[in-house]
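What follows is each chain in one-letter form.
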Amino acid sequence: MIAGSSCKVTESTYNQFQCITSVNAGSRRRKRSAAQIEITINGNTVSGGSFTYDSSVTPTLSSISPSSGSPLGGGVLTITGSALGAKWGSVLVGEEKCSLLTWMDTKITCTIPKNNHGQHSVYVSVAANGYADTTGVDKFTVDFKVTDITPRVGSSLGGTRVRIEGKGFGNCSDVSSIKLGDLMSCDVDECSDTKITCTTKRIGKVITTNNGGKHPQYGLGYVWNPKEITIQPGDSVKWLWTLTTKSKTTGINVHQTDSSSSNEYNGKGFSSGEKKASGGLQETFTAPGTYFFSSDSVFGVDLFMPGKITVVGDAADTVLDLEVNMTDISAFHDLATGASGDAFSQTDCTVVDTFTCATAPTAADKFQFKSATCLTPDVTSLAISSGPKNASVPSWGFED
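Attention here is on the structure that accompanies the text.

1. Things to note about the overall build of the protein chain
Helix and strand counts for the protein chain come out as one helix and 33 strands. For the protein chain, the spread of C-alpha atoms along the principal axes amounts to about 100 × 55 × 45 Å. The buried share of the protein chain, reckoned over its 400 residues, is 35%. For the protein chain, the accessible area works out to roughly 22600 Å², and carbon and sulfur atoms hold 49% of it. Charge separation in the protein chain, taken as the distance between the mean sites of 33 positive and 38 negative side-chain charges, equals 6 Å.

Here it is as structure tokens:
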């Protein structure tokens, strides 16, 4: 320690060490200040020698421009001061390195680095003279924070329109992602520097099955692996197959059937079309239920490739942490500021406009969203009330 303040050790050997001194407040009141050196190792302290703080050789900063910037950085930071020397040193904005462009005795320029939300001191390390005095300059400010999200509950399948308030969003061109835990994303509808309106969307997984299963009579290549799949709403199943054959009548396809005992396409679900030696199909399932599938006969015998998909909805509510990201930088959660008080209505919702069946999360240190089962719609039937005769209904995950 020097003058009672720590000296951060950067190098040490058996008989010497190097360290970086801390700020000495007394040096601002007196031109020269001698300070005693103390060394503590394993609880044992020795003292000896002295170190002199000399304000006449202390570099001084007088201004920085600009004094604020984006979390992603970029642009040029101009630092003015005195006694900065001719030999290049280094500059930090907070804990992030500012890549040097020019260095003169009274002015330094560097490229502004990426940084988190907050006010960051600018540290200028001058060769042989240590850090510059920064008491006369502002800190560099980065605004990127969330102050509210409303509503804080919604359907477990997504589709809830939410408003996120805060600061530093820009026009969202630099916002790389908005996430609610690992379960949902939020697709931006409107955006300003202080408000984002977005719609929640379930993040689906893709489960792949192939024709690598073994048939008891015909061997490998004629059974789906796996043939029974359990997924959640929003997930997708990808079928992939390859057969080594020169026969034009041998091939695989996949289509939805009405039951486990049927191999015929039901005419309204998913289908890959005519059978082929190699091919694939990917289908997304949004509604809970059981979906059966099979194929045409692979070749001139009753050889079919049936299977089953079970889509299981969430059994309980899930609390999800909100993340607003610019690349690898997440917005700070400012719970103290609170909501703006501006009204937010679900203008396009004419059936359900309240969220009272589920309570909002109440974490004290972060904003959260609850994926609520009681707010998840359940379609039980569909009827065409108008339109052309014999009109078909597109598949939205239910087929009855």
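2. What to know about the pattern of salt bridges
Enumeration according to the criterion identifies nine salt bridges in this entry. Measuring nitrogen to oxygen at the nearest pair gives 2.8 Å for the salt bridge that ties Asp328 to Lys114. Linking Asp328 in the loop between β30 (318-326) and β31 (329-330) with Lys114 in the loop between β11 (107-111) and β12 (118-120), this pair joins segments that are 214 residues apart in sequence. You can call Asp328 exposed: its relative accessible area is 60%. In this structure, the salt-bridge partner of Arg202 is Asp314, at a minimum N-O distance of 2.9 Å. Of this pair, Arg202 sits in strand β21 (residues 195-202) while Asp314 is found in the loop between β29 (307-311) and β30, placing the two residues 112 residues apart along the sequence. Like Arg202, the residue Asp314 is buried in the burial classification.

3. Re the environment of Thr230
With respect to the secondary-structure elements, Thr230 resides in strand β24 (residues 228-231). With relative accessibility at 59%, the residue Thr230 sits in the exposed group. Sequence separation between Thr230 and Thr106 is 124 residues; the distance between their C-alpha atoms is 67 Å. Not counting residues up to four positions away in its chain, the partners in contact with Thr230 are Thr310 and Val312.

4. Overview of the sheet that holds strand β6 (residues 68-69)
Pairing is mixed across the open sheet formed by three strands, whose spatial order is β6-β15-β12. Edge positions in the open sheet fall to β6 and β12, since each of these has one partner strand only. When β6 meets strand β15 (residues 140-142), the two strands line up parallel, connected through two bridges. The residue of β15 that forms the bridge with Gly69 is Val142.

5. Here's the deal with the state of the cysteines
In total, this model carries five disulfides according to the counting rule given. In this model, Cys7 is linked to Cys19 through a disulfide, with the two sulfur atoms separated by 1.9 Å. Classification of the bridge connecting Cys7 and Cys19 rests on its S-S torsion, roughly 90 degrees, and on that basis the disulfide is right-handed. Residue Cys7 is located in strand β1 (residues 7-12), and its partner Cys19 is located in strand β2 (residues 17-21); the two are separated by twelve residues in the primary sequence.

6. Structural notes on the side chain of Arg202
Taking the relative accessible area as the measure of exposure, Arg202 reaches 9% and is therefore buried. A polar contact of 3.4 Å, which involves the side chain of Arg202, links it to the side chain of Gln232. A distance of 2.9 Å separates a polar atom in the side chain of Arg202 from a polar atom in the side chain of Asp314. Here Arg202 is in contact with Ser156, Leu157, Gly158, Leu183, Met184, Gln232, Pro233, Gly234 and Asp314, once residues within four sequence places are set aside.

7. As for the nonpolar core
Nonpolar side chains in soluble globular proteins tend to be buried together. Of all hydrophobic cores here, the largest spans 23 residues; its most connected members are Val146, Ile149, Ile164, Ile178, Ile196, Leu322 and Val324. With four residues, the single largest contributor to this core is β30. In contact with Ile178, not counting residues within four places along its chain, are Ile164, Met184, Ser185, Cys186, Val188, Ile196, Cys198, Leu322, Glu323 and Val324. Tyr222, Trp239, Leu243 and Met305 belong to the second largest nonpolar core, which has 21 residues in total.

8. Points about the sheet that holds strand β13 (residues 122-126)
The strand order β9-β8-β13-β14 describes an open sheet built from four strands, whose pairing is antiparallel. Of all the strands in the sheet, just β9 (96-97) and β14 (130-131) have a single pairing partner and so form its edges. Note that β13 and β14 share two bridges and pair antiparallel. Residue Ser125 lies in a different strand from β14, and its bridge partner there is Tyr131.

9. Focus on a nonpolar patch on the surface
A cluster of nonpolar side chains, namely Val9, Phe17, Ile39, Ile41 and Val46, defines an oily patch on the protein surface of about 430 Å² accessible area. Tracing the chain through its elements places Ile39 in strand β3 (residues 32-41). Under the relative-accessibility criterion, Ile39 is labelled partly exposed at 31%.

The rules behind the values
- Residues numbered from 1 in each chain as written.
- Predicted model: local features only at pLDDT ≥ 70, side-chain atom pairs only at ≥ 80, totals over all residues.
- Heavy atoms only, no water.
- Helix = DSSP H or I, 4+ residues; strand = E, 2+ residues; numbered from the N terminus.
- Buried < 20%, exposed > 50% of the residue type's maximum accessible area, 1.4 Å probe, protein only.
- Areas by Shrake-Rupley, 256 points an atom, 1.4 Å probe, with all protein chains shown as cover.
- Lys, Arg positive; Asp, Glu negative; His and termini not counted.
- Charge placed at Lys NZ, Arg CZ, Asp CG, Glu CD.
- Salt bridge = Lys/Arg side-chain N within 4 Å of Asp/Glu carboxyl O.
- Contact = heavy atoms within 4.5 Å.
- Pairing = 2+ DSSP bridges.
- Disulfide = S-S within 2.5 Å.
- Polar contact = N/O pair within 3.5 Å; in protein donor to acceptor, adjacent residues only side chain to side chain.
- Core = buried A, V, L, I, M, F, W, Y, C linked by side-chain atoms within 4.5 Å.
- Patch = residues over 30% accessible without salt bridge, like charges linked within 9 Å, V, L, I, M, F, W, Y side chains within 5 Å.

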